[in-house]
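Residue-level structure breakdown
Residue-level listing of the chains:
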Amino acid sequence: MTPLSVLDLSPIVAGSDAAQSLRNSLDLAQNAERLGYNRLWLAEHHSMRGIASAATAVVIAHVAAGTSKIRLGAGGIMLPNHSPLMVAEAFGTLASLHPGRIDLGVGRAPGTDQITAQALRRNLDQDINGFPQDVVELMGYFRDPEPGQRVIAVPGAGTKVPVWILGSSLFGAQLAAALGLPYAFASHFAPADMERAIEIYRARFEPSEYLDKPYVMLGLNVFAAETDDEAKLLQTSQQQAFVNLRTGNPGPLPPPVRGYDETLDLHAKAILRQALSCSVVGSPETVKAGVQDFIMRTGADEIMVTGQIFDHPARIRSYEILAETMIKRPEAAPLSRLA
């Protein structure tokens with residue numbers, strides 16, 4: 001059975017605030033744990049009024065303290081924004097506090113606009129093309145220290161935190177394959193290169209001390225409700241947020257709107273059609289069929305589900321419906337090479 005996991009952007013909804021969003025993230029994690037999801041990841045975004053997980057490691061610590069079994073991690077940390085040593089110390093601390101439960105997905109995008117990216121840079125001369133070297137340096141800090149090693153991550157050294165490569169293009173697929181690391185593709189918002197990225201990753205994968213065969217996790221938008229119409233209404237919040245972002249007007253997650261599709265021009269419809277094609281929306285029967293089809297079509301080893309739903313109880317119910325139809329055991333067994 002293909003494991004299912006959760007990607008939480010800790011959405012700040014219209015009329016609410018970050019404090020409530022962070023409380024909701026903990027509640028979502030507790031419910032995901034109860035329902036048998038394999039892991040829950042939080043994502044690093046900056047200067048975005050609709051996302052509360054900018055200080056990703058801090059939010060993971062908050063969620064980890066309120067759960068006991070589910071794996072937690074970053075999907076991801078945008079490595080060009082940080083020094084590898086400081087990331088190793090942060091996630092080494094998390095792994096020391098919550099052994100065997102922490103993952104670290106890393107990406108090379110800034111997770112924000114260019115102006116904010118400049119404000120984030122640890123060095124204005126930082127080269128984004130140095131990402132592979134930063135990944136290798138980061139992984140080195142999680143190993144046992146070597147004799148004479150002068151720079152050591154404390155905490156971090158010896159924790160062997162699993163590192164994943166995140167990607168929305170072919171670059172990450174090639175890097176993950178070369179390093180023998182698990183690969184997570186952002187098909188939930190950038191599906192254009194998904195099939196080719198999976199093909200490249202699997203064809204070029206080099207076994208490593210971390211992983212003996214390719215392991216692909218794919219992002220998938222899922223909006224589940226009691227009826228197809230209700231689920232389609234829930235998705236309109238995400239659709240509005242995405243159009244707002246792509247047209248330069250980002251903000252909090254808006255409430256759902258009936259007939260939203262009818263208000264869109266051809267350009268907006270094209271944005272949604274291209275970006276959100278990896279989505280399953282509907283009743284329990286529709287969702288089960290759609291998720292199964294996505295797994296069969298892609299051969300994904302794991303699916304990371306996300307759903308930007310305005311009403312928090314409806315968001316929890318969406319994950320409940322998916323679990324009821326797709327998760328047959330109370331807990332997903334840990335993956336031996338990724339745990």
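Residues numbered from 1 in each chain as written. Predicted model: local features only at pLDDT ≥ 70, side-chain atom pairs only at ≥ 80, totals over all residues. Heavy atoms only, no water.

This part is about the overall build of the chain. Secondary structure summary: the chain contains eleven helices and nine strands in total. In summary, the chain has a C-alpha radius of gyration of 19 Å against a globular reference of 20 Å for 339 residues, a match within 12%. On the principal axes, the C-alpha backbone points of the chain span a range of 65 × 45 × 40 Å. The proportion of buried residues among the 339 residues of the chain is 54%. If you take every contact in the chain between residues at least 6 apart in sequence, the share linking residues at least 24 apart comes to 75%. Here the chain has roughly 14900 Å² of accessible surface; of this, 55% comes from carbon and sulfur atoms. (Helix = DSSP H or I, 4+ residues; strand = E, 2+ residues; numbered from the N terminus. Rg over C-alpha atoms; globule rule 2.2 N^0.38 Å. Buried < 20%, exposed > 50% of the residue type's maximum accessible area, 1.4 Å probe, protein only. Contact = heavy atoms within 4.5 Å. Areas by Shrake-Rupley, 256 points an atom, 1.4 Å probe, with all protein chains shown as cover.)

What follows covers the confidence of the model for the chain. When the pLDDT values of the chain are averaged, the result is 93; 93% of them are 70 or greater. Residue range residues 331–337 is modelled with pLDDT below 50. Its contacts to residues more than four positions away, or to other chains, number 15 contacts. (pLDDT = per-residue confidence, 0-100.)

With that out of the way, let us pick up the nonpolar core. Ranked by internal contacts, the top residues of the largest apolar core, which has 83 residues, are Tyr 37, Phe 91 and Leu 104. Not counting chain neighbours up to four residues away, the residues in contact with Leu 104 comprise Ala 74, Ile 77, Val 87, Phe 91, Leu 138, Phe 142, Val 161, Pro 162, Val 163 and Trp 164. Counting residues in hydrophobic clusters, the runner-up holds nine residues, among them Val 243, Tyr 260, Ala 268 and Ile 271. (Core = buried A, V, L, I, M, F, W, Y, C linked by side-chain atoms within 4.5 Å.)

All right, on to the packing of helix α1 (residues 18–35) against helix α11 (residues 312–326) then. Viewed as axis vectors pointing N to C, α1 and α11 meet at an angle of 20°, and their least axial separation amounts to 10 Å. The angle between the axes of α1 and α11 places the two elements in the roughly parallel class. In the crossing of α1 with α11, the sense of the turn from one axis to the other is right-handed. Contacts between α1 and α11 pair Asn 24, Asp 27, Leu 28, Asn 31, Arg 34 and Leu 35 from the former with His 312, Arg 315, Ile 316, Tyr 319, Glu 320 and Ala 323 from the latter. (Axes fitted to C-alpha atoms, helices over the stretch in contact; angles between N-to-C directions. Parallel < 35°, antiparallel > 145°, perpendicular 65-115°, else oblique. Left-handed = near helix turned anticlockwise from the far one by under 90°.)

Across all of its chains, the model carries twelve salt bridges by this definition. Here Glu 324 and Arg 317 are joined by a salt bridge, their closest N and O atoms 3.2 Å apart. Of the residues examined, Glu 324 reaches a relative accessible area of 52% and is grouped as exposed. One salt-bridge network, in which partners are shared between bridges, spans Arg 34, Glu 226, Arg 317, Glu 320 and Glu 324. (Salt bridge = Lys/Arg side-chain N within 4 Å of Asp/Glu carboxyl O.)

In this chain, Gly 75 is followed by Gly 76 through a cis amide linkage whose omega measures 5°. Locating Gly 76 in the fold gives a position in strand β3 (residues 71–78). Here the residue pair Val 154 and Pro 155 is connected by a cis peptide bond, since its omega of -5° sits within 30 degrees of zero. Within the secondary structure layout, Pro 155 lies in the loop between α5 (131–142) and β5 (163–167). The residue Ser 10 is not glycine, and still its phi comes out positive at about 45°. Its place among the elements puts Ser 10 in the loop between β1 (4–8) and α1. Look at Ser 47: it is not a glycine, yet its phi comes out positive at around 55°. Mapping Ser 47 onto the fold places it in the loop between β2 (39–42) and α2 (56–65).

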